[in-house]
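Observations on chain architecture
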Amino acid sequence: MSDTDRLKALRLRIDSLDEKILELISERARCAQDVARVKMASLAEGEEAVFYRPEREAWVLKHIMELNKGPLDNEEIARLFREIMSSCLALEQPLRVAYLGPEGTFSQAAALKHFGQAVISKPMAAIDEVFREVVAGAVNFGVVPVENSTEGAVNHTLDSFLEHDIVICGEVELRIHHHLLVGETTKTDRITRIYSHAQSLAQCRKWLDAHYPNVERVAVSSNADAAKRVKSEWNSAAIAGDMAAQLYGLTKLAEKIEDRPDNSTRFLIIGNQEVPPTGDDKTSIIVSMRNKPGALHELLMPFHSNGIDLTRIETRPSRSGKWTYVFFIDCIGHHQDPLIRDVLEKIGSEAVALKVLGSYPKAVL
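The rules behind each value
Numbers given for residues are sequential positions, taken from 1 along each chain in its written order. At least 70 in pLDDT is required for a residue's local features to be given in this predicted model, at least 80 for side-chain atom pairs to be given and counted, and no such filter applies to totals for whole chains, interfaces and linings, which use all residues. Side-chain calculation: all heavy atoms of the structure are included, whereas hydrogens and water are not. We count a stretch as a helix when DSSP gives it H or I for four or more residues in a row; a strand needs E for two or more, and each element gets its number in order from the N terminus. Whether two residues touch is decided by their heavy atoms; if any such pair falls within 4.5 Å, the residues are in contact. Accessible surface area values rest on a Shrake-Rupley calculation with a 1.4 Å probe, where residue burial reflects the displayed protein chains alone. His residues and chain termini do not enter the charge count, which takes Lys and Arg as positive and Asp and Glu as negative. Charge coordinates come from a single atom per side chain, which is NZ of Lys, CZ of Arg, CG of Asp or CD of Glu. Any residue with relative accessible area above 30% and no salt bridge may belong to a patch, with like charges joined within 9 Å and the nonpolar Val, Leu, Ile, Met, Phe, Trp and Tyr side chains within 5 Å. We define a salt bridge as a side-chain nitrogen of Lys or Arg found within 4 Å of a carboxyl oxygen belonging to Asp or Glu. Here the term buried applies to any residue with accessible area under 20% of the maximum for its type, exposed to any over 50%, and partly exposed to those in between, with areas from a 1.4 Å probe on protein chains only. Expected helix span is computed as 1.5 Å times (number of residues minus one). Under the rule applied, a polar contact is a pair of N or O atoms within 3.5 Å (in protein, one hydrogen donor and one hydrogen acceptor; residues adjacent in sequence only if both atoms are side-chain atoms). Think of it this way: DSSP has to see at least two bridges between two strands before they count as a pair. Think of it like this: strands point away, you trace from the first strand over the helix to the second, and a clockwise trace means the crossover is right-handed. Orientation is described by axes fitted as lines to C-alpha atoms, over the contacting stretch for helices, and by angles from 0 to 180 degrees between their N-to-C directions. Residues belong to a common nonpolar core when they are buried Ala, Val, Leu, Ile, Met, Phe, Trp, Tyr or Cys residues joined through side-chain atoms within 4.5 Å. UniProt positions are given in the numbering used here, feature names are shortened, and annotations may be inferred rather than shown by experiment. The arc in question is the one spanned by the directions pointing from the helix axis to the C-beta atoms.

Another point: the overall build of the protein chain. Within the protein chain, the secondary structure is distributed over 12 helices and 15 strands. Considered along the principal axes of its C-alpha atoms, the protein chain spans approximately 80 × 60 × 40 Å. Sequence-distant contacts in the protein chain: of pairs separated by 6 or more residues, those separated by 24 or more amount to 76%. Per element, the accessible surface of the protein chain, about 19000 Å² overall, is 53% carbon and sulfur. Side chains of the protein chain carry 44 positive and 52 negative charges; the gap between the two charge centres is 3 Å.

What follows concerns a nonpolar patch on the surface. Taken together, the side chains of Leu17, Ile21 and Ile25 present a nonpolar region at the surface, about 240 Å² in accessible area. Within the element layout of this structure, Leu17 appears in helix H1 (residues 3-44). For Leu17, a relative accessible area of 41% translates into the label partly exposed.

Taking 1.5 Å as the rise per residue, helix H3 (residues 74-92) with 19 residues should run 27 Å; its terminal C-alpha atoms sit 27 Å apart, in good agreement. All of the buried residues in H3 are Ile77, Ala78, Arg82, Met85, Ser86, Cys88, Leu89 and Glu92. Where H3 begins, the capping side chain belongs to Asp73, and its oxygen is found 3.3 Å from the backbone nitrogen of Glu75.

In the sheet, strand E1 (residues 96-100) pairs with strand E2 (residues 120-124) via 5 bridges, with the strands oriented parallel. Paired with Arg96 across the strands is Ile120, a residue of E2. For the handedness criterion, the β-α-β arrangement of E1, helix H4 (residues 106-115) and E2 is classed as right-handed.

Read across the sheet, 5 strands follow the order E8-E7-E9-E6-E10 without closing on themselves; strand pairing throughout is mixed. Whereas interior strands pair on both sides, the edge strands pair on one side only; in this sheet they are strand E8 (216-220) and strand E10 (251-254). Here the strands of the sheet are splayed against their neighbours by 35° on average, with no regard to which way each runs.

Moving on: the pattern of salt bridges. Counted by the stated rule, this structure contains 27 salt bridges. Its salt-bridge partner being Arg6, residue Asp3 comes within 2.2 Å of it at the nearest N-O pair. You can see Asp3 and its partner Arg6 sitting in helix H1, 3 residues apart, about one turn around the helix. On the basis of relative accessible area, Arg6 is assigned to the partly exposed category, the value being 40%.

A few words now on the nonpolar core. By size, the foremost hydrophobic cluster in this structure holds 24 residues, and its most contacted members are Leu95, Val97, Phe115, Phe141, Val143, Leu174 and Phe267. Residue assignment for this core shows that the elements contributing at least two residues are E1, H4, strand E3 (141-148), strand E5 (167-175) and strand E11 (264-271). By residue number, the principal contributor to this core is H4, which donates 6 residues. Discounting residues that sit within four places of it in the chain, Val97 has contacts with Ala111, Phe115, Val119, Ile120, Ser121, Lys122, Val139, Phe141 and Val143. Core analysis: the second largest hydrophobic core is formed by 22 residues, Ala98, Ala153, Leu268 and Leu357 among them.

It is worth spelling out the UniProt feature "site: Essential for prephenate dehydratase activity" (unreviewed entry) in the protein chain at this point. This chain's UniProt record puts "site: Essential for prephenate dehydratase activity" (unreviewed entry) on Thr265. Assignment of secondary structure puts Thr265 in strand E11. Not counting residues up to four positions away in its chain, the partners in contact with Thr265 are Pro145, Glu147, Asn148, Val172, Glu173, Leu174 and Ile176. Polar contacts involving the side chain of Thr265 include one to the side chain of Asn148, which spans 2.9 Å.

When we look at burial in helix H11 (residues 295-305), the residues that qualify are Ala295, Leu299, Pro302 and Phe303. Buried residues along H11 cover an arc of 105° about the axis, so they all sit on one side. Turned more than 90 degrees away from the buried face of H11 sit His297 and His304, all of them exposed. Of the surrounding secondary structure, the elements contacted by the buried residues of H11 are strand E12 (281-288), strand E13 (310-317), strand E14 (325-332) and helix H12 (338-350).

Here we take up the environment of Val230. Tracing the chain through its elements places Val230 in helix H9 (residues 223-230). The class of Val230 is buried, set by a relative accessible area of 0%. A sequence separation of 110 residues divides Val230 from Ile120, and the C-alpha atoms of the two residues are 28 Å apart. Apart from the residues within four sequence positions on either side, Val230 is in contact with Leu181, Val182, Gly183, Thr186, Tyr195, Ser236, Ala237, Ala238 and Leu250.

The following block contains the structure:
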């Protein structure tokens, strides 16, 4: 058989496989519609219909990754199934998701990575506005940044948890790639200012010192805002990601200019529903301790005694008094787990205040 004949036969096989894939996806979508009808029936009977289940989504993606035998890697397979699940869920009820805007930010990229392209995404001007939209029920979920591997905690998010009663329903980690972007009219040899968010400027500090040491660095509200400004200026550039570059039609003058190759940001999914255990969870809490010697030791000892792994601890000034502080703690496990429940009871007996922000599946993607 000639190469031409072999190629023709392979293409025919691919066409046949595509038809089978389409048939199976359509069958899955019809099942999703049946699920919606069952849930709507329960709603009519007075029960609350919950269309999006974070623990179920996490289990499906992990199960698919466990079954995967290649040649596509696990993350690629999970992304494909994420989009199938997103589109099928939209047949039940399209999710409304608020994120820190404007369009083109890394927060939007995180929202689409976690929920898929089929959601109705709503950009908000500030992190606190994302919280308020969720609390008011105007959206189903919100996506907010909580920490960066280079620059640390996002304090606006931590402070918002002090002001609002809300539940953490999930997390998503986003690999952050920064690019130096220019517009069609930019004179690249006469750039006098570079726009970006303050954190992005910090994450690219060494690269900027080496390549643009004498150019003014202007901090703006978001990377997307930086890209928008460059669109109409001939002497400026922006540091932003792929989404902003595509949205505003900018060209990459330099790619991946972040100082650390492992630069990542963790985002939290906030909502109003409790998430059952999956067996691979995290729990986030806020604790306010009495201001006395050994207070931090008393706070941490129950975790140590029960062998609970702490993944993060942050301190923020309390709103209740001068020189008093609250601790934000993430640990491995679900608050329904006996060991975690025991820790929370011990801490609660000593703390001024203890609030469980939520237990949720560890990031799959």
